[in-house]
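Each chain, written out:
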Amino acid sequence: EEAVFLRKKITLMRAFSLLIGSMVGSGIFISPKGVLKNSGSVGFSLVVWFACGLLSMFGALCYAELGTRITKSGGHYIYILETLGPLPSFLFLWAEFFAIRPANSAVVSLAFGRYMLEPFFAPCAAPVPAVKLVSLLGYYMVLTLNSWSVTWSARLQTALSIIKLLALMLIIVPGMMLLAQGHTENFQDAFDKQSLVLDKLPLAFYAGMFAYSGWFQTSFVREELVRPERNIPLAVIVSVITVIVGYMLTNVSYYTVLGTQDVLASPAVAVSFVQRAFKSLISVVPVLVALSCFGTMNGGIFTFSRTLFVASREGQWPPLFSMIHIRRHTPLPAVMLMVRRFDCVTC
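Residues numbered from 1 in each chain as written. Predicted model: local features only at pLDDT ≥ 70, side-chain atom pairs only at ≥ 80, totals over all residues. Heavy atoms only, no water.

Right, let's get into the overall build of the protein chain. Looking only at helices and strands, one finds 14 helices and 0 strands in the protein chain. In the protein chain, the succession of α and β elements from N to C terminus is α-α-α-α-α-α-α-α-α-α-α-α-α-α. If you line up the protein chain on its principal axes, its C-alpha atoms span 65 × 40 × 35 Å. In the protein chain, which comprises 347 residues, the share counted as buried stands at 54%. Look at the contacts in the protein chain between residues 6 or more apart in sequence, and 81% of them connect residues 24 or more apart. (Helix = DSSP H or I, 4+ residues; strand = E, 2+ residues; numbered from the N terminus. Buried < 20%, exposed > 50% of the residue type's maximum accessible area, 1.4 Å probe, protein only. Contact = heavy atoms within 4.5 Å.)

So, about the packing of helix 1 (residues 12-23) against helix 12 (residues 284-313). Contact geometry of helix 1 with helix 12 gives a least axis separation of 8 Å together with a crossing angle of 120 degrees. In terms of axis orientation, helix 1 runs oblique to helix 12. As helix 1 runs across helix 12, the sense of the crossing is left-handed. Here L18, G21 and S22 of helix 1 come into contact with helix 12, specifically with G295, T296, G299 and T303. (Axes fitted to C-alpha atoms, helices over the stretch in contact; angles between N-to-C directions. Parallel < 35°, antiparallel > 145°, perpendicular 65-115°, else oblique. Left-handed = near helix turned anticlockwise from the far one by under 90°.)

Before going further, it helps to spend a moment on the confidence of the model for the protein chain. Here the protein chain averages 84 in pLDDT, while 94% of its residues score no lower than 70. Taken element by element, the predicted model of the protein chain shows its lowest mean pLDDT in helix 14 (residues 338-346) (57) and its highest in helix 4 (residues 76-84) (92). (pLDDT = per-residue confidence, 0-100.)

This part covers the UniProt feature "transmembrane region" (unreviewed entry) in the protein chain. In the numbering adopted here, UniProt assigns the feature "transmembrane region" (unreviewed entry) to residues 12-30, 42-64, 76-100, 120-142, 162-183, 203-221, 233-257 and 277-297. As annotated, residues 76-100 has a helix share of 96% and a strand share of 0%, and its two end C-alpha atoms lie 13 Å apart. Taken end to end, residues 120-142 is 74% helix and 0% strand, and its two terminal C-alpha atoms sit 23 Å from one another. (UniProt positions renumbered as here; feature names shortened; annotations may be inferred.)

Once that is clear, we can look at helix 8 (residues 201-212). Note that an α-helix has 3.6 residues per turn; residues three or four places apart therefore point the same way. End to end, helix 8 covers 17 Å across 12 residues, agreeing with the expected 16 Å (1.5 Å per residue, within 8%). Within the span of helix 8, buried status applies to A204, A207, G208, A211 and Y212. Viewed along the axis of helix 8, the buried residues span an arc of 140 degrees, placing them on a single side of the element. Helix 8 presents P202 and Y206 as exposed residues on the side facing more than 90 degrees away from its buried surface. Directly after helix 8, the chain includes G214, whose backbone phi takes a positive value near 125 degrees. (Expected span 1.5 Å × (residues − 1). Arc of directions from axis to C-beta.)

Moving on to the side chain of R7. As for its position among the elements, R7 is in the segment before helix 1. Polar contacts involving the side chain of R7 include one to the side chain of H329, which spans 3.2 Å. (Polar contact = N/O pair within 3.5 Å; in protein donor to acceptor, adjacent residues only side chain to side chain.)

Our focus in this paragraph is the environment of M23. The residue M23 is located in helix 1 in this model. In this structure, the C-alpha to C-alpha distance between M23 and P119, residues 96 residues apart in sequence, is 25 Å. With sequence-adjacent residues up to four places away left out, M23 is seen in contact with A211, Y212, S213, G214, W215, S239, V240, V243 and Y247.

Examined against the element boundaries, S219 turns out to sit in the loop between helix 8 and helix 9 (228-257). Among the polar contacts made by the side chain of S219, one reaches the main-chain carbonyl oxygen of F216 at a distance of 2.6 Å. Here S219 is in contact with Y63, K72, S73, G74, G75 and Y79, once residues within four sequence places are set aside.

Its identity as a non-glycine residue notwithstanding, R227 has a phi of 50 degrees, on the positive side. Within the secondary structure, R227 sits in the loop between helix 8 and helix 9. Non-glycine residue H329 carries a positive phi angle of around 60 degrees. Mapped onto the elements of the fold, H329 is located in the loop between helix 12 and helix 13 (332-336).

See below:
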């Protein structure tokens, strides 16, 4: 008997978890190699990581201001529509749907499948068909949950965000302990100017910004946020500062234990770190990274489905996808539309 609409179920803690869960993905476990390789030295790589964090903070604050002024969900799409007009927003929407979002989802989900299977096939690589199968199963699990309940999707995101922070602590604590014991040999000549190549710095920033991506996610669910004028800026500031501190300490721990050459030679820095620091947990880290990717998948589906929902409501997408499940209050058609696009890219 009540009106059917998307309920305000995203509290401050859930908004914080959405941002943390979207930012802390596979990037911090993989990107340090790219940042170090293109920055040239340990010191400059840490400067790049901090600069990327500041840039992310500036962007997040801009989106926080937009989120308090523009009361619609939809993120990038709705801001382009409100400021530049219907044609740029329409082109962005289709580019996001056909190219950007499916490719991003495929990369994250394939990383989830690869890391989830690694303990079972080590020291060999997992078969590609098995990786794709596990990736699809993980993606469909997230789709099903987002179709079933907003509350349970948000609870899962909160739980996975806690796991992600614990995974970072698993790297930070032993590194800080070794640093406190005087193991500073890997930081000698940290700012070696001879190894700095300016034309490669943009690639270093690209790798660093990839690890920070996700600070804009609250703008996608603006209509579902409780007290958005208060919770959006608060969640943005706290979450981005938390990630900046966590990333800086994680990288310091990497360099304390591994050193420059080990980081550059490692395909997955976190796994190499655990192999060097404490081998007894070598089978745990791939699972933690897989769960981290799982949380990123959940956040991506949760937010982008709202973009399709809002675009349909604005008349730039088929009207079917502005419909809401009458009992579960989820944008079911918009969520289910993401199944086929993912299949095409992954397979």
